[in-house]
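# Summary of the model geometry
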Amino acid sequence: MADLEERSGTDFDRRFLELMIAHHQGAVEMAQPLLEEGENPQAIDLAKVIIDDQQTEIRKMEEMLSDL
């Protein structure tokens, strides 16, 4: 957050998207092992939703980033 406080305009937008992409990638990385090792069907279903949703959002943010 301190990194963002020092920025404005396009520089802020770019850094925000970079940080959010990394954050979403972390969620995917955390959910992936559940698909491989999990036993609870509800938790596995949730992991699938998290992975799909986060990957969709990552693609959108990458598109936005390429437009800056």
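Now for a description of the structure that goes with this document. (Residues numbered from 1 in each chain as written. Predicted model: local features only at pLDDT ≥ 70, side-chain atom pairs only at ≥ 80, totals over all residues. Heavy atoms only, no water.)

### Examining helix α3 (residues 41–67)
What counts, and what does not: Only DSSP runs of H or I covering at least 4 residues are called helices, and only runs of E covering at least 2 are called strands; the numbering of each starts at the N terminus. What a helix is expected to span follows from its residue count: subtract one and scale by 1.5 Å. Under the scheme applied here, a residue whose accessible area is under 20% of the maximum for its type counts as buried, over 50% as exposed, and between as partly exposed, the area being computed with a 1.4 Å probe on protein chains only. In this description, contact between two residues means that some pair of their heavy atoms is separated by no more than 4.5 Å.
The end-to-end C-alpha distance of α3, which contains 27 residues, comes to 39 Å, matching closely the 39 Å that a straight helix rising 1.5 Å per residue would cover. Looking at α3, one finds that the buried residues are Ile44, Ala47, Ile51, Gln54, Ile58 and Met61. Buried-residue contacts for α3 involve α2 (9–37).

### Examining the pattern of salt bridges
Test applied: Salt bridges are counted wherever a side-chain nitrogen of Lys or Arg sits within 4 Å of a carboxyl oxygen of Asp or Glu.
All told, the structure shown has 4 salt bridges when counted by the stated rule. Two residues, Asp3 and Arg7, come together in a salt bridge whose shortest N-O distance is 3.0 Å. Here Asp3 falls in the partly exposed class, since its relative accessible area comes to 26%. Under the relative-accessibility criterion, Arg7 is labelled partly exposed at 26%. Note that Arg15 and Glu18 form a salt bridge whose closest N and O atoms lie 3.2 Å from each other. Here the residue Arg15 and the residue Glu18 both occupy positions in helix α2, the gap between them amounting to 3 residues, near one helical turn. With a relative accessible area of 24%, Arg15 lands in the partly exposed category. One network of salt bridges, in which partners are shared, links Asp3, Arg7, Asp11, Arg15 and Glu18.

### Digging into the nonpolar core
Selection criterion: Buried Ala, Val, Leu, Ile, Met, Phe, Trp, Tyr and Cys residues form a nonpolar core when they are joined through side-chain atoms within 4.5 Å.
The biggest cluster of nonpolar side chains holds 8 residues, and these are Leu17, Ile21, Val28, Ala31, Ala47, Ile51, Ile58 and Met61. Secondary-structure elements contributing two or more residues to this core are α2 and α3. Setting aside chain neighbours within four positions, we find Leu17 in contact with Met61, Met64, Leu65 and Leu68.

### What to know about the packing of aromatic side chains
Note the following rule: Two rings from Phe, Tyr or Trp (for Trp, the six-membered ring) form a pair when their centres are within 6.5 Å of each other. A pair whose planes differ by under 30 degrees is stacked, one over 60 is edge-to-face, and the rest are tilted.
Taken as a whole and judged by the stated rule, the model has 1 aromatic pair. Relative to Phe16, the ring of Phe12 lies with its centre 6.4 Å away and its plane at 10°, an arrangement referred to as stacked. Within this pair, Phe12 and its partner Phe16 are both found in helix α2, separated by 4 residues, close to a single helical turn. We classify Phe16 as partly exposed; its relative accessible area is 37%.

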